[in-house]
Amino acid sequence: MKRTFITLLVATICASAVTAQNFNDKKDLLPISIVIQDQPDPLPIGARTYAITKLKQIAANNGVAANENFSRFFITLEIMPTTKDILPGPPMKISQNSQVTFFLCDYFDQKIFASTSIDQVGVGDNETKCFINIVKGINTKSPQLAEFMEEGKQKVIDYYNANCDNIIKKAESLSFQKDYEAALYELTSVPEVCDCYDRALAKTKEVYQAYIDYMCDVNLAQAKAAWAAEQNSEGAKKAGEFMANILPDAKCYGDAQTLYSEIKGKVLDDWKFEMKMWQDNVDLEKQRIDAARQVGIAYGNHQQPTSYLLPWVR
């Protein structure tokens, strides 16, 4: 639990038969990444910002909770200039015709699930403003883009319908190797609308319990070592930093409480550390599921590439 990751949400959607309305009702269950490719002629910074916003809008309009975080499935666009004209002034303007192609892809398998292209024109004082106006002019509610998103979502559904059992088996194998974070990443990628969600959820609870038991042993051992080295307020503080990561439903929590009592008995009021507790008025089951999901999210976030060179997206 001490490990720090960049916060990103990694998840996708599956179901045997889901209508567009289902997606709209549960769009939070279909997160897909927003990716701007690293191209030989990259988009200007201002245009990139608008492109990200437009992709988010396209996703939201079609039942997808899109973000810029890393995920197996992502949507992106590519702007390919076709013609450029100089418009006489004053002031002189540039008119640029471009083909904008949208892709919904599987990052790991390097597959394009859906694509579509539209023609856009941008006019501006310079090329940067042309690109910005090209992107700003995209109609995010166009039927063509809606059809593109529906096709891509169905391919994502098909992927999970075909691979759900394999995901659970892979998670079991990872958990056996004590790679709990990777296992939780696999399991929490199966959202609520998926046919095998209940099986994945049951396995998530099992793996998460193993994870917090394991982390309890690790943190308790470090707390004991810190206290044994310095049986004073400083040692208590160091021990407390480890014990704060021990959850009440972990198997070794009773041993942690024993150590807590021992430390507090020696340092008395000088020790201001308080054990981390779940609030009594919060649904513990929901917190466990959310906490397990956050572990998986953090692991997925840590896999994010430093650049998006995607020569296969064409």
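From a predicted model like this one, the values you see are computed outputs, not experimental measurements.

With that settled, the discussion passes to the overall build of the protein. When helices and strands are counted, the protein shows nine helices and five strands. Start at the N end of the protein and walk to the C end: the helices and strands fall as α-β-α-β-β-β-β-α-α-α-α-α-α-α. Burial statistics for the protein: of 314 residues in total, 48% are counted as buried. In the protein, of all internal contacts separated by at least 6 residues, the share reaching a separation of at least 24 is 69%. Surface summary for the protein: the accessible area is close to 15800 Å², and the carbon and sulfur share equals 50%.

This brings us to the pairing of strand S3 (residues 73-87). Taken together, the 14 bridges between S3 and strand S4 (residues 93-106) define a ladder with antiparallel strand orientation. Residue Leu87 lies in a different strand from S4, and its bridge partner there is Lys93. Linking S3 back to S4 in an antiparallel pair, the connection comprises five residues.

A separate point is a nonpolar patch on the surface. Together, Leu87, Val121 and Val123 make up a nonpolar patch on the protein surface, roughly 210 Å² of accessible area in all. Within the fold, Leu87 resides in strand S3.

This part covers the pattern of salt bridges. All told, the structure shown has twelve salt bridges when counted by the stated rule. Lys84 is the salt-bridge partner of Glu127, the closest N and O atoms lying 2.2 Å from each other. On the criterion of sequence distance, the pair formed by Glu127 in helix H3 (residues 127-136) and Lys84 in strand S3 is long-range, its members being 43 residues apart. Accessibility expressed as a relative area gives 39% for Glu127, which makes it partly exposed. Note on Lys84: relative accessible area 42%, which makes it partly exposed.

All of the buried residues along H3 are Cys130, Phe131, Ile132, Ile134 and Val135. Where H3 is buried, its residues contact helix H2 (45-60), S3, S4 and strand S5 (111-124). For H3, the capping residue at the N-terminal end is Asn126, with a side-chain oxygen 3.2 Å from the backbone nitrogen of Thr128.

Applying the stated criterion to the full structure yields eleven aromatic pairs. Note on Tyr159 and Tyr160: the rings are 5.1 Å apart at their centroids and 90° apart in plane angle, and the pair reads as edge-to-face. Residue Tyr159 is classed as buried on the basis of its relative accessible area, which comes to 16%. Among the aromatic side chains, those forming a connected cluster through ring pairs are Phe73, Phe113, Tyr159 and Tyr160.

Our focus in this paragraph is the packing of helix H4 (residues 143-176) against helix H5 (residues 180-187). Interaxial distance between H4 and H5 falls to 8 Å at its minimum, and their mutual angle equals 165°. As far as their axial angle goes, H5 and H4 are roughly antiparallel. For the pair H4 and H5, the crossing hand works out as left-handed. Residues Ile167, Ile168, Lys170, Ala171, Leu174 and Ser175 of H4 pack against Tyr180, Ala182, Ala183, Glu186 and Leu187 of H5.

The biggest cluster of nonpolar side chains holds 61 residues, and the ones touching the most others in it are Phe102, Leu104 and Tyr208. Element by element, the count of residues in this core is highest for H4, at eleven residues. Each residue touching Phe102, except ones within four places of it in the same chain, is listed here: Leu55, Ile58, Thr76, Leu77, Ala114, Ser115, Thr116, Ile118, Ile138, Leu145 and Phe148. Judged by nonpolar contacts, the second largest core, of 17 residues, contains Cys216, Trp227, Leu259 and Ile263.

Its location among the elements puts Thr188 in the loop between H5 and helix H6 (197-229). A polar contact of 2.6 Å, which involves the side chain of Thr188, links it to the backbone oxygen of Leu184.

The phi angle at Gln110 is positive, at roughly 50°, despite the residue not being glycine. For Gln110, the location among the structural elements is in the loop between S4 and S5. Positive phi values are uncommon outside glycine, yet Lys178 reaches one of about 65°. Along the chain, Lys178 turns up in the loop between H4 and H5.

Both S4 and S5 contribute to a ladder of 13 bridges, which runs antiparallel. Across the sheet, Ser98 pairs through a bridge with Gln120, a residue of S5. What sits between the antiparallel neighbours S4 and S5 is a turn of four residues, in which Gln110 has the positive phi angle 50°.

The next subject is the confidence of the model for the protein. The share of residues in the protein with pLDDT of 70 or more is 82%, and the mean pLDDT across the chain is 80. In this model residues 1-28 is a low-confidence stretch, pLDDT under 50, and it forms 89 contacts with partners more than four residues away in sequence or in other chains. Ignoring residues within four places in sequence, the model shows residues 273-282, a span with pLDDT below 50, making 22 contacts including any to other chains.

The rules behind these values
Residues numbered from 1 in each chain as written. Predicted model: local features only at pLDDT ≥ 70, side-chain atom pairs only at ≥ 80, totals over all residues. Heavy atoms only, no water. Helix = DSSP H or I, 4+ residues; strand = E, 2+ residues; numbered from the N terminus. Buried < 20%, exposed > 50% of the residue type's maximum accessible area, 1.4 Å probe, protein only. Contact = heavy atoms within 4.5 Å. Areas by Shrake-Rupley, 256 points an atom, 1.4 Å probe, with all protein chains shown as cover. Pairing = 2+ DSSP bridges. Patch = residues over 30% accessible without salt bridge, like charges linked within 9 Å, V, L, I, M, F, W, Y side chains within 5 Å. Salt bridge = Lys/Arg side-chain N within 4 Å of Asp/Glu carboxyl O. Polar contact = N/O pair within 3.5 Å; in protein donor to acceptor, adjacent residues only side chain to side chain. Phe/Tyr/Trp six-rings, centres within 6.5 Å; stacked < 30°, edge-to-face > 60°. Axes fitted to C-alpha atoms, helices over the stretch in contact; angles between N-to-C directions. Parallel < 35°, antiparallel > 145°, perpendicular 65-115°, else oblique. Left-handed = near helix turned anticlockwise from the far one by under 90°. Core = buried A, V, L, I, M, F, W, Y, C linked by side-chain atoms within 4.5 Å. pLDDT = per-residue confidence, 0-100.

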